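Letter by letter, the chains look like this.
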Amino acid sequence: MTEQNSSKQKSYEVNFDGLIGPSHNYGGLSHGNVASKSNALKISQPRNAALQGLEKMQTNRSFGLQQGILLPQQRPHLPTLRKLGFSGSDKSIILQVSNSAPELLASCYSASSMWTANACTVSPSADSADNKVHFTAANLSSMFHRSIEHQFTGKLLRSIFNHEVHFSHHNALPMSSQFGDEGAANHNRFTNSYGEQGLQLFVFGRYAFRQNRVATAKFPSRQTYEASLAISRLHQLEESQVVFAQQNPKIIDAGAFHNDVVSVSNLNTFFMHEEAFVDKAAMQAELQQKFAALAPNNPELNFVEVPTDMVSLESAVKSYLFNSQLLQLPNQDGMTLVLPEESRDNVEVFAYLEWLQTQSTPIKDIKFVDVRQSMQNGGGPACLRLRVALTQEELDATNSNFILDDDRVCKLNQWVERNYREEITPDDLADPALAEENFVALDELTQLFELGSFYEFQQ
Ligand code: SUG
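Residues numbered from 1 in each chain as written. Predicted model: local features only at pLDDT ≥ 70, side-chain atom pairs only at ≥ 80, totals over all residues. Heavy atoms only, no water.

Participant: What's the story with the overall build of the chain in this structure? I'm lost.
Facilitator: When helices and strands are tallied, the chain shows 17 helices and 16 strands. Counting every position in the chain, which comprises 459 residues, the buried fraction comes to 61%. In the chain, once contacts between residues fewer than 6 apart in sequence are set aside, the share between residues at least 24 apart is 76%. Once the 36 positive and 52 negative side-chain charges of the chain are each reduced to a mean point, those two points are 3 Å apart. (Helix = DSSP H or I, 4+ residues; strand = E, 2+ residues; numbered from the N terminus. Buried < 20%, exposed > 50% of the residue type's maximum accessible area, 1.4 Å probe, protein only. Contact = heavy atoms within 4.5 Å. Lys, Arg positive; Asp, Glu negative; His and termini not counted. Charge placed at Lys NZ, Arg CZ, Asp CG, Glu CD.)

Okay, structure coming up:
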């Protein structure tokens, strides 16, 4: 949580990280996600993965930020398999599916809800006409294994942000390719202070209902313009507060399936690869002009652009340089960039980072975190977190069980140690005992979070 004082009341950016679930495995399910494909069917380490995620949350807390958490979903998701015509006991369904359709079993076993940057799009109350914080669960309609997340996500968000005076929740957009929506991973917001009115940038990969001047040749464009536009309507945003920009299809074909693989923002700063957008100059001009109109007292946006001759597209995608958290730490001048270890390992990227620190930009400090288990499925530090800007009053109205303290982190570490397997091989998914273990773990989790019977298997 980054704390800021505005004239009215304090405001914060709270990062809600996904707790990595006990079924974390490498299913190779995401076409266009280079890491997911290249690590397909490798042995995963769920215990290590979850501990890495918790450690990342603790790192943020050690900076003086408070930190939120979102819970893993029920996996395997047997209700989906029943919808697809499998019947009988849980055990018999798992055995049937593992024999006849292992790809469906892997899809219903994915722990992909860990990447909470794809959980929903959030608009803070300072921006919305009704002064409420708006949430729209992402339909994630492009990838089958992710399209089954939004219902639980919506339910979870409603129980965390459970106060109708402050929060407004919207169901996912219609489940069709024309309204493909991947949530906050394709959304940035610019402001001088989290509690002030901001400018929202919606990034999309393609138009669904009109001719695309440029299009991908290899990989899917998951987010449509029409989906982004619908969300801006739902969230009651004025035209003066939004900019829509198309992601460069070339960069999607290079493996940047979400915009947060090639750019990240914080406050009035935009850190981006120079090839990230179709028409960078027009986008920057519109952002700058609208921002100046919204914030006349401090009208300048900072664009920190990384040129291709310093960081190639390939290195950007491999290292996840941009999939970092750009944070304003309390009582510190300048911002801190929290990067995946893979950025330190990449010679080109590390040389760039050393150079960056000698330059006069708002990015003053860099830190590395080890989230290698998530990275091998294409999820870096920024994928693992959902940013929610809240006023003090809204933070007070948020379910406090989901804001971490030392005691909860300690209990969660113990819960992981007690319940998670050290390794999962692709063949393990066929073992009904793994499903039972997952459900025991999630049952305990609902007790830790005082949620009652929250998952479908508990009802
Ligand atoms: O949707 N990977 C996720 C990674 C999401 C990253 N999120 C952001 N960039 N914000 C995806 O492609 C892989 C699962 C597998 O292959 O088993 C996966 O779903």
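Participant: Looking at this structure, how should I read the site of the ligand?
Facilitator: Taken together, 21 residues are adjacent to the ligand, and L29, S36, H145, D260 and C383 come closest. Side-chain polar atom of S30 to an oxygen atom of the ligand: 2.8 Å apart, as the coordinates give it. Separating a nitrogen atom of the ligand from a side-chain N or O atom of H258 is a distance of 2.9 Å. (Near = heavy atom within 4 Å. Polar contact = N/O pair within 3.5 Å; in protein donor to acceptor, adjacent residues only side chain to side chain.)

Participant: Looking at this structure, how should I read the environment of N248?
Facilitator: The topology assignment puts N248 in the loop between β9 (242–246) and α9 (249–253). In sequence terms N248 and V278 are 30 residues apart; their C-alpha atoms lie 4.5 Å from each other. Contact partners of N248, with chain neighbours within four places excluded, come to E275, A276, F277 and V278. Among the polar contacts listed, one links the side chain of N248 to the backbone nitrogen of K250, at a separation of 3.0 Å.

Participant: I'm lost on the packing of aromatic side chains in this one. Help?
Facilitator: Aromatic ring pairs: the centre-centre distance and the angle between the two ring planes describe each pair. One pass over the full model with this rule turns up 23 aromatic pairs. Each ring, one from F350 and one from F368, has its centre 6.3 Å from the other, and the planes form 45 degrees; the classification is tilted. Here F368 lies in strand β15 (residues 363–369) and F350 lies in helix α13 (residues 347–356), a separation of 18 residues in the sequence. On the accessibility criterion, F350 (26% relative accessible area) is partly exposed. Grouping aromatic residues by their ring pairs yields a cluster made of F152, F439, F454, Y455 and F457. For K155, the ring lying beneath its charged end belongs to F454, and the centroid distance is 4.5 Å. Between R408 and the ring centre of F449, over which it is positioned, the NZ or CZ distance is 4.9 Å. (Phe/Tyr/Trp six-rings, centres within 6.5 Å; stacked < 30°, edge-to-face > 60°. Lys NZ or Arg CZ within 6 Å of the ring centre and 35° of its normal.)

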